[in-house]
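A structural walkthrough
Residue strings, one per chain:
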Amino acid sequence: MTTDAPDPSGADALPEDPALAAAVLEIEAHVAQDGWDQPARLYALVDTAALVEQEPALAAAMAIDGPSDDGSFTSIEQDGLPPGQPLEEALHTIAWPDSVSGCAAVIERLVLPPDVDDDIPDDPTAAELFAREHPDRQEVRMVAGVTRAGASYCALRLRAHDDEQSVVNGTELVPGLLELLHATFTDTTHDTAEQGQA
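What counts, and at which threshold
Residues numbered from 1 in each chain as written. Predicted model: local features only at pLDDT ≥ 70, side-chain atom pairs only at ≥ 80, totals over all residues. Heavy atoms only, no water. pLDDT = per-residue confidence, 0-100. Contact = heavy atoms within 4.5 Å. Core = buried A, V, L, I, M, F, W, Y, C linked by side-chain atoms within 4.5 Å. Buried < 20%, exposed > 50% of the residue type's maximum accessible area, 1.4 Å probe, protein only. Helix = DSSP H or I, 4+ residues; strand = E, 2+ residues; numbered from the N terminus. Pairing = 2+ DSSP bridges. Axes fitted to C-alpha atoms, helices over the stretch in contact; angles between N-to-C directions. Polar contact = N/O pair within 3.5 Å; in protein donor to acceptor, adjacent residues only side chain to side chain. Salt bridge = Lys/Arg side-chain N within 4 Å of Asp/Glu carboxyl O.

**Remarks on the confidence of the model for the chain**
Looking at the chain as a whole, its pLDDT mean stands at 84, while 83% of the residues score no less than 70. Overall, residues 8–12 carries pLDDT values under 50, and its contacts beyond four positions in sequence, including any with other chains, amount to eleven contacts. This stretch, residues 190–195, has a pLDDT under 50; its non-local contacts, to residues over four places away or in other chains, come to 13 contacts.

Below, the structure written as structure tokens:
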């Protein structure tokens, strides 16, 4: 369950950063191939041209040829997320090195219609049970990405409408998660030992 329900008013807004939008949609399509009920995932987004220049062997292994990929991001999945800890909590401990231009997170959550907010129990365990049993619940996969420069983009897929044509995308669909991702680039209180791996 999430208190950060998707905001459909941001759907179909033009992306501030087309490279970020492309990376988010690529991550969404990649994750969708593995089906549902997956753990949260975190990706570093690195400038593809810089990756080709600084890590040519890695770029070759990833079939990135350079010039045609200029202006794009390469997503690098991060290992080592704390098991059992919600991604939203883990993000508070992450700061990215300068070589990372952006990041993206993938989470699956149950969302409820806004009109039941007052009925959700305060106890987290009871709230989760309430959400799982609610007849109007929706299972949603959220992919949210941000750049160090401040751009954001999201893609949402409902389990009930699990096809590529039904993916909703836009700039501000999951504002709470976007805020947490942006903080990984601006919050200097993070322990540098817990920086992203990229």
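**Side note on the nonpolar core**
Ranked by internal contacts, the top residues of the largest apolar core, which has 28 residues, are L42, L91, W96, M142, V174, L177 and L181. Only strand 1 (41–47), strand 3 (102–111), strand 4 (138–147), strand 5 (152–158) and helix 6 (175–186) provide two or more residues apiece to this core. Core analysis: the second largest hydrophobic core is formed by 17 residues, F73, V143, A151 and A155 among them.

**Concerning the sheet that holds strand 5**
Spatial strand order, 2-1-3-4-5-6: six strands in an open sheet with antiparallel pairing. Strands with a single pairing partner mark the edges of an open sheet, and in this sheet they are strand 2 (73–77) and strand 6 (168–170). When the angles between neighbouring strand axes are averaged without regard to direction, this sheet yields 20°. Here strand 4 pairs with strand 5 via seven bridges, running antiparallel. Within strand 5, the residue paired with R141 across the bridge is R157.

**What about unusual backbone geometry?**
The phi dihedral of D37 is positive, around 65°, even though this residue is not glycine. Structurally, D37 is set in the loop between helix 1 (18–32) and strand 1. The class of D37 is exposed, set by a relative accessible area of 56%.

**Some points on the side chain of T74**
With respect to the helices and strands, T74 occurs in strand 2. Judged by relative accessible area, T74 falls into the buried class, the value being 7%. In terms of polar contacts, T74 uses its side chain to reach the side chain of T48, at 2.8 Å.

**Quick notes on the pattern of salt bridges**
Between side chains of opposite charge, a pair can form as their charged atoms come close. All told, the structure shown has nine salt bridges when counted by the stated rule. The salt bridge involving D37 is made with R159; its shortest N-O contact spans 3.2 Å. Here R159 lies in the loop between strand 5 and strand 6 and D37 lies in the loop between helix 1 and strand 1, a separation of 122 residues in the sequence. A salt bridge links E139 to R159; its shortest N-O distance comes to 2.8 Å. Taken as a pair, E139 in strand 4 and R159 in the loop between strand 5 and strand 6 lie far apart in primary sequence, 20 residues in all. Overall, R159 belongs to the partly exposed group, its relative accessible area being 32%. One network of salt bridges, with partners in common, ties together E28, R157 and D162.

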